[in-house]
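Breakdown of the fold
These are the residues of each chain, in order.
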Amino acid sequence: MELAHEDLMLLLNGLYELGEESFSVVHPAEEIGELLRIDLGDATDSTVSMTTGAVTYEDALDEIEREHGPTVRKELPNEAAYVKAVTASGIFDIQNREELDKFITRYGYQDLQEGHPPRYAGFDTNLLPWRMHDVLGIDPVLHTKPGGRAPVNGYALLEGVDSELSISYRYGTNAMPASALADAFGPEYERLAGQPTEDNRETRLGLREYRRLRETRPHDIISTGTGDTNIIDGCAEYYADKPTGEILFSNDYGFVDEARERKVPAVHVDFSIDFPRRLTGTWGQIATLLYQLAVLFGVLVLPRATLYGVWDGKSERNWKNEEIDIDTRSEKLAAILERDQPIVQAHALRQ
Amino acid sequence: MDNVWVSSGSTTVEAMVNPIAAACAGDGLDSKFIPDTVYFLDNPGLGDALSDTKVLTRTLLEQYGVESPTIETGHIGHETDFQGIATHFQDAIAEAHDAAANVAVDVTPGRKFMSVIAFNAGMTYDVDHIFYFYLESSDYFSRIYPEIPRTAAKLYDFTEIL
């Protein structure tokens, strides 16, 4: 059964209804095993225990490389991507929050009614997969304060970033045969035939975010080439004669330095190297965590269900709707999801 | 007519449907309560909310195995027609009793006076359940039951509490 990211609450409620209030999220490779453990308690304050931290995870990747070679290792996210995916869910913060908040306060929250020009945020390629609109707390739809001031008023969508993210369309050209992955990680990986490799899955998340912002938020599309210099040149030129201002975010110090040299306000987003063992979050954040990790790892094993972030036949529509495939290993869970999905769909139809 | 649900009307679809969904799932109850007959109360102020609610309630009950749910709508000319509201509850409960059905009154949706009248009717005419659907936060007001974290909502039965 395919479930959209926004409907993953059905899965959490289904597990809860069956008494699975505390469960492991496991990667099928025996070198990795349990990634984390979720305790579904208070809706706004549930516990996520990171059984496998980033450093332990890196050791597991080393072991996988020793046993199966470097190409197999590259099919899994590196330890930095693992941390970023957890950060993207919102249960764990970016490291330089204070600096970012100051930067956003300085340049954002324009008073449009007083005639201040709007300010648009632009993201470098390396940040797009990680839901920065929400993690940074800048999205005009999600984070506008009562009284009307938004952190930023829209997004500067950079064509060079779009091109860099579009490499993920090289499906199958550099992916390993699914049977070889299944030998290394477990039979679940048979279903990944023809799907993008890990780094391509990461950029695919970024591409989806780019398009989602383009479809649903105020934005400018800015003509730029690829590479830091071309992207920043394009931005500087586009806004030179416009009242609207822009601020840029990147996970690359070179990009930030180059932007500042061109007098474009820019700031570095620091991710931590590892996370604490115990985190807390809302059920919604936990749903996002499962979505991000399922796409990044390809497969996650939960009690009663195996989640496929990618699977043979995953379509453009599936990507657009942020869908994952849920292979229910329990008839009871399948029955609950099949019962609830039409109710949610009927409700969505009337909105 | 085995299990009857008597509710009022609201401009919020979710306030009318979610208590039924929680009862069907047995949330907070010793056993599930899946109605096959549902009474709502319309008034001119509700707009399209009630027709949407009826469609959604039908879908919900069908998903819980009720093949052809009966959904009745009472009408009052103005929302402060207190006698009309009382009659709506009294008649529906009496009909359920005549059919030897289990009957539940839902005091969740509608104006406060509708809840008061519903509660009074439920106590006076000895219904099996008087339900109230409690939501932890207004963040979930526009969400349908399966999308609300299970620990953020609870169905209470006042016949057990009071």
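A few points on the structure. (Residues numbered from 1 in each chain as written. Chains lettered and ligands numbered in written order. Predicted model: local features only at pLDDT ≥ 70, side-chain atom pairs only at ≥ 80, totals over all residues. Heavy atoms only, no water.)

From N to C terminus, chain B includes five helices and six strands. When the elements of chain B are put in sequence order from the N terminus, they spell out β-α-β-α-β-α-β-α-β-β-α. Its C-alpha radius of gyration of 14 Å places chain B within 12% of the 15 Å reference for a compact globule of 162 residues. Over its C-alpha atoms, taken along the principal directions, chain B stretches across nearly 40 × 35 × 35 Å. Taking all 162 residues of chain B together, the buried fraction comes to 54%. Approximately 7000 Å² of chain B is accessible, and the part contributed by carbon and sulfur atoms is 47%. (Helix = DSSP H or I, 4+ residues; strand = E, 2+ residues; numbered from the N terminus. Rg over C-alpha atoms; globule rule 2.2 N^0.38 Å. Buried < 20%, exposed > 50% of the residue type's maximum accessible area, 1.4 Å probe, protein only. Areas by Shrake-Rupley, 256 points an atom, 1.4 Å probe, with all protein chains shown as cover.)

Here we come to the interface of chain A and chain B. On the chain B side, the residues contacting the 21 residues of chain A number 21 residues. Taking both sides of the interface into account, the surface hidden between chain A and chain B amounts to around 1900 Å²; carbon and sulfur atoms contribute 59%. Contact with chain B buries surface across chain A, with Ile343, His347 and Arg350 of chain A losing the most and accounting together for 31% of the total. One can count one salt bridge joining chain A with chain B. Between chain A and chain B we count ten residue pairs in polar contact (both at pLDDT 80 or more) in total. Broken down by secondary-structure element, the contributors of at least two residues to the side of chain A that touches chain B are helix H1 (8-17), strand S3 (33-42) and helix H15 (331-349) of chain A. Top element by residues in the side of chain A that touches chain B is H15 of chain A. It accounts for eight residues. (Contact = heavy atoms within 4.5 Å. Buried area = accessible area lost by both parts, 1.4 Å probe. Salt bridge = Lys/Arg side-chain N within 4 Å of Asp/Glu carboxyl O. Polar contact = N/O pair within 3.5 Å; in protein donor to acceptor, adjacent residues only side chain to side chain.)

This paragraph deals with the sheet that holds strand S5 (residues 119-123) of chain A. All names here are of chain A. Taken together, five strands build an open sheet; the order of strands is S7-S6-S5-S8-S9 and the sheet is parallel. With one partner strand each, in any of the chains shown, strand S7 (219-222) and strand S9 (266-268) form the two edges of the open sheet. The mean angle between the axes of side-by-side strands here comes to 25°, regardless of whether they run parallel or antiparallel. Examined bridge by bridge, S5 and strand S8 (residues 245-250) share five bridges and lie parallel to one another. Pairing of tyrosine 120 across the sheet is with glutamate 246, part of S8. Those strands touched by helix H12 (residues 253-261) are S8 and S9, and its axis lies near 160° from that of S9. (Pairing = 2+ DSSP bridges. Axes fitted to C-alpha atoms, helices over the stretch in contact; angles between N-to-C directions.)

Below, the discussion takes up the layout of surface pockets. Estimates place the volume of the largest pocket at around 1400 Å³. Lining the largest pocket we find 44 residues, and of these His5, Glu6, Arg131 and Thr288 of chain A together with Arg143 of chain B sit closest to its centre. By residue class, the composition of the lining of the largest pocket is 14 nonpolar, 15 polar and 15 charged. (1 Å grid on protein atoms, 1.4 Å probe; cavity = no way out; pocket = protein on both sides within 12 Å on 5 of 7 lines; lining within 4 Å. Points joined across faces, edges and corners; volume = space filled by probe spheres on them. Nonpolar A, V, L, I, M, F, W, Y, C, P; charged D, E, K, R; others polar.)

This paragraph deals with the pairing of strand S2 (residues 37-42) of chain B. All names here are of chain B. With respect to burial, S2 is a largely interior element, six of its six residues being buried. Residues Thr37, Tyr39 and Leu41 point to one face of S2 and Val38, Phe40 and Asp42 to the other, with burial holding for every one of them. As paired strands, strand S1 (residues 3-6) and S2 are joined by three bridges and run parallel to one another. Bridged to tryptophan 5 within S2 is valine 38. As a crossover connection, the stretch from S1 through helix H1 (residues 13-25) into S2 is right-handed. Here S2 runs beside strand S3 (residues 70-75); their pairing, made up of six bridges, is parallel. When the sheet's bridge partners are listed, valine 38 is paired in S3 with isoleucine 71. Handedness of the β-α-β unit built from S2, helix H2 (residues 49-63) and S3 comes out right-handed. (Right-handed = clockwise from strand over helix to strand, strands pointing away.)

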